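# Structural features, examined
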Amino acid sequence: MRSVRHLSEVGELDEQLEHVRAAITASLEHVLTGMQPTSAQLAEFHEEIASATLVAANSRLGATGVVLLDLNIHDLSPLS
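Reference entry: report on the structure contained in this document. Keep in mind that what you see is a predicted model, and the values were worked out from it rather than measured. (Residues numbered from 1 in each chain as written. Predicted model: local features only at pLDDT ≥ 70, side-chain atom pairs only at ≥ 80, totals over all residues. Heavy atoms only, no water.)

Before going further, it helps to spend a moment on the overall build of the protein. A count of helical and extended segments in the protein gives four helices and zero strands. Mapped from its N terminus to its C terminus, the protein presents α and β elements in the order α-α-α-α. Of all 80 residues assigned to the protein, the portion counted as buried reaches 28%. In the protein, 59% of the contacts between residues at least 6 apart in sequence involve partners at least 24 apart. Surface accessibility of the protein: about 5600 Å² in total, with carbon and sulfur atoms responsible for 55%. (Helix = DSSP H or I, 4+ residues; strand = E, 2+ residues; numbered from the N terminus. Buried < 20%, exposed > 50% of the residue type's maximum accessible area, 1.4 Å probe, protein only. Contact = heavy atoms within 4.5 Å. Areas by Shrake-Rupley, 256 points an atom, 1.4 Å probe, with all protein chains shown as cover.)

Written as structure tokens, this is what we have:
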């Protein structure tokens, strides 16, 4: 985190965590919408998807002074 002050403007700790989660979720959705991977590609390109999501999330979080250094996505299985 680069700036505690900027992040604190988002609210209390729970709101801050939700802000970060929402940015990651929106970024992952954006990446998957752009890629439109098949079920097999979700596993095959797991690291590429996580990397693209990390870059997109950092772009969204920059205004609040947050920088994610790593992002692990454990389950990219399609919803039934």
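The rest of the description comes next.
Turning to the side chain of Ser 27, a few remarks are in order. Looking at the element boundaries, Ser 27 is found in helix 2 (residues 13-35). Setting aside residues up to four positions removed in sequence, Ser 27 forms contacts with Thr 53, Ala 56, Ala 57 and Arg 60.

Let's shift gears to unusual backbone geometry. We note that Gln 36 has phi near 50°; this positive angle belongs to a residue other than glycine. Residue placement: Gln 36 occurs in the loop between helix 2 and helix 3 (39-44). Since its relative accessible area comes to 64%, Gln 36 is described here as exposed.

Over its 16 residues, helix 4 (residues 46-61) runs 22 Å from end to end, which matches the ideal 22 Å to within 8%, given 1.5 Å per residue. The inward-facing, buried residues of helix 4 abut helix 2 and helix 3. (Expected span 1.5 Å × (residues − 1).)

Direction vectors running N to C along helix 2 and helix 4 enclose 130°, while the axes themselves pass 8 Å from each other. Classified by the interaxial angle, the pair formed by helix 2 and helix 4 is oblique. In this structure, helix 2 meets helix 4 at a crossing whose hand is right-handed. Of helix 4, the residues touching helix 2 (which contributes His 19, Val 20, Ala 23, Ile 24, Ala 26, Ser 27, Leu 28, His 30, Val 31, Leu 32 and Met 35) are Ile 49, Ala 52, Thr 53, Ala 56, Ala 57, Arg 60 and Leu 61. (Axes fitted to C-alpha atoms, helices over the stretch in contact; angles between N-to-C directions. Parallel < 35°, antiparallel > 145°, perpendicular 65-115°, else oblique. Left-handed = near helix turned anticlockwise from the far one by under 90°.)

Where a protein is soluble and globular, its nonpolar side chains tend to be buried together. With 14 residues, the main nonpolar core has Val 20, Ile 49, Leu 61, Val 66, Leu 68, Ile 73 and Leu 76 as its most contacted residues. Taken together, the elements giving at least two residues each to this core come down to helix 2 and helix 4. Here this core takes five residues from helix 4, the largest share from any one element. The contacts of Ile 73, once residues within four sequence positions are left out, are Leu 28, His 46, Ala 50 and Thr 53. (Core = buried A, V, L, I, M, F, W, Y, C linked by side-chain atoms within 4.5 Å.)

All right, on to the environment of Ser 59 then. Of note, Ser 59 is situated in helix 4. As for Ser 59 and Ser 27, which are separated by 32 residues in sequence, their C-alpha atoms are 9.2 Å apart.

These figures come from the coordinates and say nothing about function on their own.
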